[in-house]
Amino acid sequence: LETQKEYQISETVISNIAEHFIDENVVSISDSECFSYFDDYLSERNTEISSKQLYDKVIKRSNILSKNNITNEIMFSHRTFAEYYYAKSKNKENSLVINDKAFDLYWMNICFFYIGLKQDCPELLQDIVSIDPKNESQAWLKLINMSNYFLAGYSTPYIIVEDNLFKLMIYAAK
């Protein structure tokens, strides 16, 4: 029930909040801190949209962010919302650094969403295949999760999968 302008602003602000959650490794923020993301964003722009009304719409209608009325804290209804909006923000800026964190449980879904948003990303997938895991758990996650990354980049030329699948099989054998 939002206008296109409200939707785009909400999406941007939620992405900014997601960056804070992921970068600072927090699970909730105060109601006032969350509101300040909306208010700060809108106060710098001539949109004629009330930050209070938009904030209330997002909190009460979207189910992306939830409010704990007892503690007065705001959190993402599910971590994957934060991961998706974080990846969306990084995709917009083309700024997600892909390294061995691609095989870290904390970052795996973010990388998956980032690749999925790009869709056609042969260089990125090639870079991920070339990463040497730093420990055994990362090695297992590389074997398990590369298929998901290939699937997320579904518009990438299939030659990337063909050229790298045997490498992953040799890696698994070792």
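Coordinates for the structure precede this section.
Described below are features of the structure shown in this document. What you see as residue numbers is a count from 1 along each chain, following the sequence as written. Under the rules for a predicted model, residues below a pLDDT of 70 receive no local features and side-chain atom pairs below 80 are neither given nor counted, while totals for whole chains, interfaces and linings still include all residues. Excluding hydrogens and water, the side-chain figures rest on all heavy atoms present in the structure.

### Considerations on the overall build of the protein chain
Line of reasoning, step 1. Where helices and strands are cited, they refer to DSSP runs of H or I of at least four residues and of E of at least two residues respectively, numbered from the N terminus. Each helix and strand in the protein chain was counted, giving eight helices and three strands.
Line of reasoning, step 2. Along its sequence from the N terminus, the protein chain presents helices and strands in the succession α-β-α-α-β-β-α-α-α-α-α.
Line of reasoning, step 3. Taken over the C-alpha atoms alone, the protein chain extends approximately 55 × 35 × 25 Å along its principal axes.
Line of reasoning, step 4. When a residue's accessible area, from a 1.4 Å probe over protein chains only, is under 20% of the maximum for its type it is buried; when over 50% it is exposed; and in between it is partly exposed. The buried share among the 174 residues of the protein chain stands at 42%.

### Considering the packing of helix α1 (residues 4–24) against helix α4 (residues 79–93)
Two numbers describe a pair of packed helices, the interaxial angle and the distance between the axes.
Line of reasoning, step 1. To get an axis, a line is fitted to the C-alpha atoms, and for a helix only the part in contact is used. The angle between two axes follows their N-to-C directions and goes from 0 to 180 degrees. Direction vectors running N to C along α1 and α4 enclose 105°, while the axes themselves pass 8 Å from each other. In terms of axis orientation, α1 runs roughly perpendicular to α4. From α1, Glu11, Thr12, Ile14, Ser15, Ala18, Glu19, Ile22 and Asp23 reach across to α4, where they touch Arg79, Ala82, Glu83, Tyr85, Tyr86, Lys88, Ser89, Lys90, Lys92 and Glu93.
Line of reasoning, step 2. Residue composition of the contact of α1 with α4, by class: six nonpolar, three polar and nine charged. Here roughly perpendicular refers to angles of 65 to 115 degrees, roughly parallel to angles under 35, roughly antiparallel to angles over 145, and oblique to all remaining angles. Contacts are assigned to residue pairs that have any heavy atoms within 4.5 Å of one another. Put simply, Ala, Val, Leu, Ile, Met, Phe, Trp, Tyr, Cys and Pro go in the nonpolar bin, Asp, Glu, Lys and Arg in the charged bin, and everything else, Gly too, in the polar bin.

### With respect to the packing of α1 against helix α2 (residues 31–43)
Line of reasoning, step 1. The interhelical angle for the contact between α1 and α2, taken along N-to-C directions, is 130°, at an axis separation of 10 Å. Accordingly, the angle class assigned to the pair α1 and α2 is oblique. Every pair of crossing elements has a handedness; the one defined by α1 and α2 is right-handed. The residues of α2 that touch α1, namely those facing Ile9, Thr12, Val13, Asn16, Ile17 and His20, are Glu33, Cys34, Tyr37, Phe38, Tyr41 and Leu42. Should the near helix be turned anticlockwise from the far one by less than a right angle, the crossing is left-handed, and should it be turned clockwise, the crossing is right-handed.

### As for the nonpolar core
Line of reasoning, step 1. Joining through side-chain atoms within 4.5 Å is the link that ties buried Ala, Val, Leu, Ile, Met, Phe, Trp, Tyr and Cys residues into a set, and such a set is a nonpolar core. Residues Ile17, Leu65, Phe76, Ile98, Ile128 and Tyr149 are the most contacted members of the largest nonpolar core, which totals 49 residues.
Line of reasoning, step 2. A total of seven residues in this core trace back to one element, the largest contributor, which is α1.
Line of reasoning, step 3. Among all residues touching Ile98, those that are not within four sequence positions of it are Cys111, Tyr114, Leu124, Ile128 and Ile131.

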